[in-house]
Amino acid sequence: MAKKNLMLEDVVAFVEQLPYVKFKHIVECYSKAQNSDFSDTLNQLTVSNFEQRLERLAINSFCPRCSSENIVRNGRKNNIQQFKCKDCKRRFTRFTDTILEKTRWHWDIWIKVLEMTINNYSITDMMNVLIKDYGCDGINYKTVWLWRMKLIHALADMPMPNLTGVVQVDETFIRESQKGSRKLSSMIGNHVERKARYGRQPSHYGVMGAEFATVVTAIDNRGYCVCKVASLGKLSPELFFDLFDEHFDNIAYLCSDANSVYEDYCQLRNTPHYVRPSNFLKIIGNHGYIIQATDDFEKKTNKKVLEHLYYEGITDKITNRGEMLFDKFNEIKYQNGLSLGRVNELHNEIKQYIYRDMTNVSTKYLQDYIGYFTYIHNWRITNGHYPTSLTDAEAIFIEILKAKKNLTSSEVRQKRLELPKPSSRYLEVLKVETEKARHAIANPYFKFNEEDGVLSFNKREYLLDLPKTRLYAIAKECHIPRYKKLALWSLVSLILKQKNIQDILYQQLAKDRNQLIDEEDLEVMRSSGYVL
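What you are looking at is a predicted structure, and each value in this text was computed from that prediction instead of being measured.

*Asks:* Outline the packing of aromatic side chains, supporting the account with residue identities and numerical values.
*Replies:* Enumeration according to the criterion identifies 26 aromatic pairs in this entry. Centre to centre, the rings of Phe240 and Phe248 are 6.2 Å apart; their planes meet at 50 degrees, and the pair counts as tilted. Phe240 gets classed as buried once you look at its relative accessible area, which sits at 1%. Chaining the aromatic ring pairs together yields one cluster made of Phe50, Phe95, Trp105, Trp107, Trp110, Trp147 and Phe397. In this structure, Lys228 is placed above the aromatic ring of Phe244, and the distance from its NZ or CZ to the ring centre is 5.9 Å. Note that Lys234 overlies the ring of Tyr426, its terminal NZ or CZ placed 4.9 Å from the centroid.

*Asks:* Account for the nonpolar core, with residues named and values stated.
*Replies:* Counting residues in hydrophobic clusters, the biggest one holds 85 residues, and the most contacted among them are Phe397 and Ile400. The residues touching Ile400, leaving out its near neighbours within four places in the chain, are Ile99, Leu114, Leu151, Ala154, Leu155, Met158 and Lys405. In terms of nonpolar packing, the next biggest core, distinct from the first, is built from 34 residues, Phe446, Leu463, Tyr472 and Tyr506 among them.

*Asks:* Lay out the pairing of strand β4 (residues 163–175) with the relevant residues and their values.
*Replies:* Across the 13 residues that make up β4, a large majority, twelve, are buried. Where β4 and strand β5 (residues 212–220) come together, nine bridges link them in antiparallel fashion. Bridging across to β5, Phe173 finds its partner in Thr214.

*Asks:* Run through the sheet that holds β5, naming residues and quoting values.
*Replies:* Across the sheet, six strands lie side by side as β6-β5-β4-β7-β8-β9; this open sheet has mixed pairing. Strands at the two margins of the open sheet, each flanked by one partner only, are β6 (225–232) and β9 (317–319). Within the sheet, the average angular offset between the axes of one strand and its neighbour, ignoring direction, is 30 degrees. Sheet topology places strand β8 (residues 273–275) next to β9; three bridges connect them, and they run antiparallel. Bridge pairing in β9 places His273 opposite Thr319. Lying over the sheet, helix α13 (residues 366–383) contacts β4, β5 and β6, oriented at roughly 170 degrees with respect to β6.

*Asks:* An account of unusual backbone geometry is needed here, citing residue identities and associated values.
*Replies:* Located in the positive-phi region is Asn60, a residue other than glycine, with phi close to 55 degrees. Take Asn60: it is sitting in the loop between α3 (39–56) and β1 (71–77). When its relative accessible area of 2% is taken as the criterion, Asn60 is described as buried.

*Asks:* Pulling in residues and values, what's your account of the side chain of Thr214?
*Replies:* Along the polypeptide, Thr214 turns up in strand β5. A relative accessible area of 1% places Thr214 in the buried class. One polar contact links the side chain of Thr214 to the main-chain carbonyl oxygen of Gly233, over a distance of 2.4 Å. Those residues in contact with Thr214, other than ones at most four positions away along the chain, are Glu171, Thr172, Phe173, Lys228, Val229, Ala230, Ser231, Gly233 and Leu235.

*Asks:* If you had to explain the environment of Asn406 to someone new, which residues and values would you point to?
*Replies:* Mapped onto the elements of the fold, Asn406 is located in the loop between α14 (390–403) and α15 (409–413). For Asn406, a relative accessible area of 24% gives the class partly exposed. When the C-alpha atoms of Asn406 and Glu101 are compared, they prove to be 8.5 Å apart, with 305 residues separating the residues in sequence. Excluding residues that lie within four positions of it along the chain, Asn406 makes contacts with Asp97, Thr98, Ile99, Glu101, Lys150, His153 and Glu411.

*Asks:* Provide a residue-level description of the sheet that holds β1, including the pertinent values.
*Replies:* One key point about sheets: their strands pair by backbone hydrogen bonds, in either a parallel or an antiparallel sense. Read from one edge of the open sheet, three strands run β1-β2-β3, paired in antiparallel fashion. The strands lining the two open edges of the sheet, one partner per strand, are β1 and β3 (91–92). Pairing of strand β2 (residues 80–85) with β3 involves two bridges; the strand directions are antiparallel. The residue of β3 that forms the bridge with Phe83 is Phe92.

*Asks:* Residue-level account of empty space enclosed by the protein, with values.
*Replies:* Going through the model one piece at a time under the given rule, you end up with two cavities of 30 Å³ or more. Estimates place the volume of the largest cavity at around 40 Å³. Surrounding the largest cavity, Phe280, Leu306, Tyr310, Asp316, Phe326, Phe329, Asn330 and Lys333 form its lining. Every element with two or more residues in the lining of the largest cavity is listed here: α10 (296–312) and α11 (326–335). The element contributing the most residues to the lining of the largest cavity is α11, with four residues. When its residues are assigned to classes, the lining of the largest cavity shows five nonpolar, one polar and two charged. The space that makes up the second largest cavity amounts to roughly 30 Å³. Along the walls of the second largest cavity sit Thr117, Asn120, Arg148, Ile152, Tyr353, Met358 and Tyr372, which together make up its complete lining.

Calculation rules
Residues numbered from 1 in each chain as written. Predicted model: local features only at pLDDT ≥ 70, side-chain atom pairs only at ≥ 80, totals over all residues. Heavy atoms only, no water. Phe/Tyr/Trp six-rings, centres within 6.5 Å; stacked < 30°, edge-to-face > 60°. Buried < 20%, exposed > 50% of the residue type's maximum accessible area, 1.4 Å probe, protein only. Lys NZ or Arg CZ within 6 Å of the ring centre and 35° of its normal. Core = buried A, V, L, I, M, F, W, Y, C linked by side-chain atoms within 4.5 Å. Contact = heavy atoms within 4.5 Å. Helix = DSSP H or I, 4+ residues; strand = E, 2+ residues; numbered from the N terminus. Pairing = 2+ DSSP bridges. Axes fitted to C-alpha atoms, helices over the stretch in contact; angles between N-to-C directions. Polar contact = N/O pair within 3.5 Å; in protein donor to acceptor, adjacent residues only side chain to side chain. 1 Å grid on protein atoms, 1.4 Å probe; cavity = no way out; pocket = protein on both sides within 12 Å on 5 of 7 lines; lining within 4 Å. Points joined across faces, edges and corners; volume = space filled by probe spheres on them. Nonpolar A, V, L, I, M, F, W, Y, C, P; charged D, E, K, R; others polar.

Spelled out as structure tokens, the structure:
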């Protein structure tokens, strides 16, 4: 078969439609054949391509310092067009304050890196793709990690949405990590050495100390969410208000567990508060509730159980709206879908992303990863699918450029852990009270959690929050006479005078627990072959 003679016009037309990577390969082959160096020309083409794209996107079409449109061209430096603001005299380029500042990679390569980032490629896989498919010779692991981190930070720094309607809120906890650090620092005081963790190792004092990062998550009935790393250890009402109040817009109901932080917020903002204790199923099960009721008799029995527990104040309820009959409460609950199902599902997704997809992350970078996770989740809600394609990546990259989100490599390397954590005094009290509780209930694995209601270790406050039936049971056991005729405050005062008050309090705590051993300790036991 005769070979077709190509005309110069055909070759030019073919080259013009090539992607940058293939065009670069042709230039490099030509350079090798002609023993010439065209690297400067390729770099100039890259810069020119970026400048044209940024101009079309109107990036830095006004002064980045004073927002003036009174700008003029001011020559070129390193092949980059300079601009000058005639009002504030600042000089800048199309790249100023964007993630592309000082870059030497082509647009197509940036889009590919972002596409691999949103598809959770490992650093090694990203590096292999860049070298084999995009000719990024000489690129190393650290460079790719920093590159990915800049993109993750840019998306994490995007504004989070306002939540409205029925909003579910709860905390999840991520074990404190110093991955990649050469020197380890103890989070719970100098009396406990922070050793490297190999395999499963449980914490000393659980989620109320500083061994866990507290991630607070809120999600509305549309599916939009706000997730933020609040602190190491316990969450305070003030911190919750500062982090989340700006994202709450005309909330109809705030749904949470029995953590008093959320009740404090709802009282401050006069918001109806649906409270469902985390041990809800255990409570109703212990009182005869049939989970899989089939016939009418079982359903009627279940309703009586729920009604009885509702009026006793020991099951789910709506607070901050005065007294409410059970039937009215039930109607509101089911009409508005009040539950914690969405936020619990969100927690599972976060744990999977941090522990499996990212194989754990250093706590100093945790807010970046949580913010990035939040952005991707909300992007899916807006667009109806997770971003996976190059087209999706390019749309997101343009959003980054317009928002001018940038984190320099030196800022990434110099990042420090800056999260509020409990005071040394609080940690000392937590340690003492944990040991007392373990002795009182004969359980060496006991750890306080966010629903115990004793974060301040105020005994009177804890007893006043208990249902009357629980207080009456304690009074009867302590042989307090005529306890049902006493005012609540007086009854609590008499209970506090009991010699074994410490044991009484912690035995009450144990009754509320779904399980007396935390999941982290159970996992260690399972991994060591311990038969449960």
